[in-house]
Each structure stands twice: as C-alpha cells, then as structure tokens.
Amino acid sequence: MKERRWVPGGPLDVELALHPHRRGGGDPTWRKGNDGSVWRTSRTPDGPCTLRVSVAAGTVLGRAWGPGADWALETLPALLGADDDLSGFSVRHEVLAEAVRKHPGVRIGRTGRVMEALVPAVLEQKVVGREAWRAWRWLLTHYGEPAPGPAPEGMRVVPEPVVWRQIPSWHWHRAGAEAVRARTIATAAWHAGKLEAAATTQELDRLLRALPGVGVWTSAEVRQRALGDPDAVSVGDFHLAKLVGYALTGEKTDDRGMLRLLEPYAGHRHRATVLVWLTGLRPPARGPRMPVRDYRSF
C-alpha cells in the first residue's frame, strides 16, 4: 500500500470531482464507502491499481494498491481538479451563480486514461443509461481484473486494449451491446496507444473522430474525463440541450439553441453545463420516455 497526503488550494468536493467517472450505481470500477471515502480502480501506464480517496480537516488522503499505485498517487491532484484552469470563466446567469455558491468545490479533473472513458461512452451511444451501465457491468465482471488490495467486494479493473479486441461477438451480445458499438470499441482498442499518447484535447478530438463510430458527442464525453476539457460540450446528448435551455431560459431548446446560450461561456462551455446539472432544474416530463432495450433478447 502506498499513501499520499495533499492539501488543495481551495474548497474541494471529492465525490463531486470523481462522480463523472461513475457509470451507474453498480459500476465495478467505483464505490463509495460508508465513511464517505471514494474507491476507484484504474489501469495506469504501470498497470492496474485501486485508489481510495478521503478528506479530513481539509487534507486529501490517497491510498493506493497494485502496480499502478505510484502513478495513481502522483496524478491524484490532477484527478481531483488541481490543474483545472478557471481563467476567463465568468458566470453570466444568476441560476449558475447560485450553483457555484452551493458547490464551491466543483472542479473538472482529468484521469489521463482515454480507453477507460471511451469504452463506456461508446456503450452509452443512443441508448438509455441503464442499458449501457448493464453492459458495462457485464463486460467488467467477465473480462476485468479483480481490483488490487482491500477493495470493496466486486470491484474490477478495466481490461487491457488487447482484451477488448478479443471479446467474441456472442459475449458482446450477452452483454447487451450490438455489433456497431462492439466494432467501435474493438477498433479503438487497436489504436489505444496513439489515443493515450494524445497531448492536447484538439489532438485527441482529431484522433477519436477519425475512428468509425465516434462522433462529436463521444469525443466530448471522453475529453471531459480523460483530459479535463472545460469546453467540450456533449452535443447530441438526449437530455443536455433541454436541461440547458430550461435552466437558463425556462424553455427547452435543441443543440443549436444550447450552443447559442453557451456562447458567453466560450472556453468553459462544459463547465457551464456541469453547473446546469448542479442547479437541479429539470423541465417537466411529458411524452413517452426512451425505452430500455435488451439486445440479448434480439
């Protein structure tokens, strides 16, 4: 076991910082302890690791196990948003200013791990969250490694790229992911080395969108998490445009309208959408919901 203590330069909400990396309540890579600590697994450049993060008296305590423990602790501040640059960000809507007052510790962190963000993002393409999270759990349970150290029961580490390439079609089917998403993940796994080496969000966007099956939405979702891009807007999201429109104007809008509303936040448009989520404002639910499909029965 390795350990690191770190004192943030300001307010920090650890759970909020790590929440974007959680894929549903049963995510095998993410757990919240009864004491408020957060457990997270990762496949670092040095190998798998388990990381436990807690806060006491303003000091972050990180403990890590496995071959990737040193790397995980070295990058812990970045994971929690220490490198998040708010230069040029100015709140233009009172509803967002209220969200900042209520959540002064919100920061956009970065994992530095592209495939960990890419696989679940692809699984979430054009489906409801529960459907994607079910596939993620099945794949991690069957192909992930057991988490190193004293991790909570059932925690797993994401597979290496070579494993994603070798999953047979019938197991993708059993997981509930159809052939298009399976091919996208397998293709990305062939190029994992280049993707992980991308030095800037612009370079990563170019590499990702050159892959068949990866578009604007998926690229943004990956760059938000892997590189902490504060401007990567999830254009094409089923809910986001409606939420942004309703929170900022009281009326739902589409992607084009959302981008117009976010223009004053250029450079920090993703940050503005995070604050929109934190307002808790949601438009009234009307009409049929998107159904949860099960490709295993097709």
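Residues numbered from 1 in each chain as written. Predicted model: local features only at pLDDT ≥ 70, side-chain atom pairs only at ≥ 80, totals over all residues. Heavy atoms only, no water.

Looking only at helices and strands, one finds 15 helices and seven strands in the chain. The C-alpha atoms of the chain give 19 Å as radius of gyration, which agrees with the globular expectation for 298 residues (19 Å, within 12%). By the burial criterion, 50% of the 298 residues in the chain qualify as buried. Sequence separation of 24 or more characterises 65% of the internal contacts of the chain that already satisfy a separation of 6 or more. Where the 42 positive side-chain charges of the chain centre and where its 32 negative ones centre are 4 Å apart. (Helix = DSSP H or I, 4+ residues; strand = E, 2+ residues; numbered from the N terminus. Rg over C-alpha atoms; globule rule 2.2 N^0.38 Å. Buried < 20%, exposed > 50% of the residue type's maximum accessible area, 1.4 Å probe, protein only. Contact = heavy atoms within 4.5 Å. Lys, Arg positive; Asp, Glu negative; His and termini not counted. Charge placed at Lys NZ, Arg CZ, Asp CG, Glu CD.)

Tracing the chain through its elements places Arg-223 in helix H12 (residues 216-226). Overall, Arg-223 belongs to the buried group, its relative accessible area being 11%. In terms of polar contacts, Arg-223 uses its side chain to reach the side chain of Asp-229, at 3.1 Å. Discounting residues that sit within four places of it in the chain, Arg-223 has contacts with Thr-201, Leu-204, Asp-205, Leu-208, Gly-228, Asp-229 and Ala-232. (Polar contact = N/O pair within 3.5 Å; in protein donor to acceptor, adjacent residues only side chain to side chain.)

Strand order in the open sheet formed by five strands is E1-E5-E4-E3-E2, with antiparallel pairing between adjacent strands. The two strands at the open ends of the sheet, each matched to only one other strand, are strand E1 (2-6) and strand E2 (30-32). Strand-to-strand, the axes of this sheet are offset by a mean angle of 20 degrees, without reference to chain direction. Where E2 and strand E3 (residues 38-44) come together, three bridges link them in antiparallel fashion. Counterpart to Lys-32 in the pairing with E3 is Val-38. (Pairing = 2+ DSSP bridges. Axes fitted to C-alpha atoms, helices over the stretch in contact; angles between N-to-C directions.)

The next subject is the packing of helix H4 (residues 94-102) against helix H15 (residues 269-279). Two quantities define a packed helix pair, namely the angle between the axes and the distance from one axis to the other. At a minimum axis separation of 9 Å, H4 and H15 run at an interaxial angle of 80 degrees. Compared by their axis directions, H4 and H15 come out roughly perpendicular. Between H4 and H15, the contacting residues are Val-95, Leu-96, Ala-99 and Val-100 on the first element and Ala-272, Leu-275, Val-276, Leu-278 and Thr-279 on the second. For the contact of H4 with H15, the per-class residue count stands at eight nonpolar, one polar and no charged. (Parallel < 35°, antiparallel > 145°, perpendicular 65-115°, else oblique. Nonpolar A, V, L, I, M, F, W, Y, C, P; charged D, E, K, R; others polar.)

Burial in H4 covers these residues: Leu-96, Ala-97 and Ala-99. Mapping the buried residues of H4 onto a view down its axis gives an arc of 155 degrees, with all of them on the same face. Exposed side chains of H4 directed beyond 90 degrees from the buried face belong to Glu-94 and Lys-102. Buried residues along H4 sit in contact with helix H13 (240-249) and H15. (Arc of directions from axis to C-beta.)

Burial within H12 is extensive, with ten of its eleven residues counted as buried. Of the positions making up H12, those classed as buried are Trp-217, Thr-218, Ser-219, Ala-220, Glu-221, Val-222, Arg-223, Gln-224, Arg-225 and Ala-226. In the core, the buried residues of H12 are packed alongside helix H5 (114-123), helix H11 (201-209) and H15. The first or second residue beyond H12 is Gly-228, which carries a positive phi of 60 degrees.

Counting residues in each nonpolar core, the largest one holds 36 residues, and the members touching the most others are Met-115, Leu-118, Leu-123, Trp-164, Leu-195 and Val-222. Of all the elements in the fold, those that place two or more residues in this core are H5, helix H6 (129-143), helix H8 (169-175), helix H9 (179-190), helix H10 (192-197), H11 and H12. No other element matches the eight residues that H5 contributes to this core. Counting residues in each nonpolar core, the second largest holds 17 residues, with Leu-240, Leu-243, Val-244 and Leu-248 among its members. (Core = buried A, V, L, I, M, F, W, Y, C linked by side-chain atoms within 4.5 Å.)

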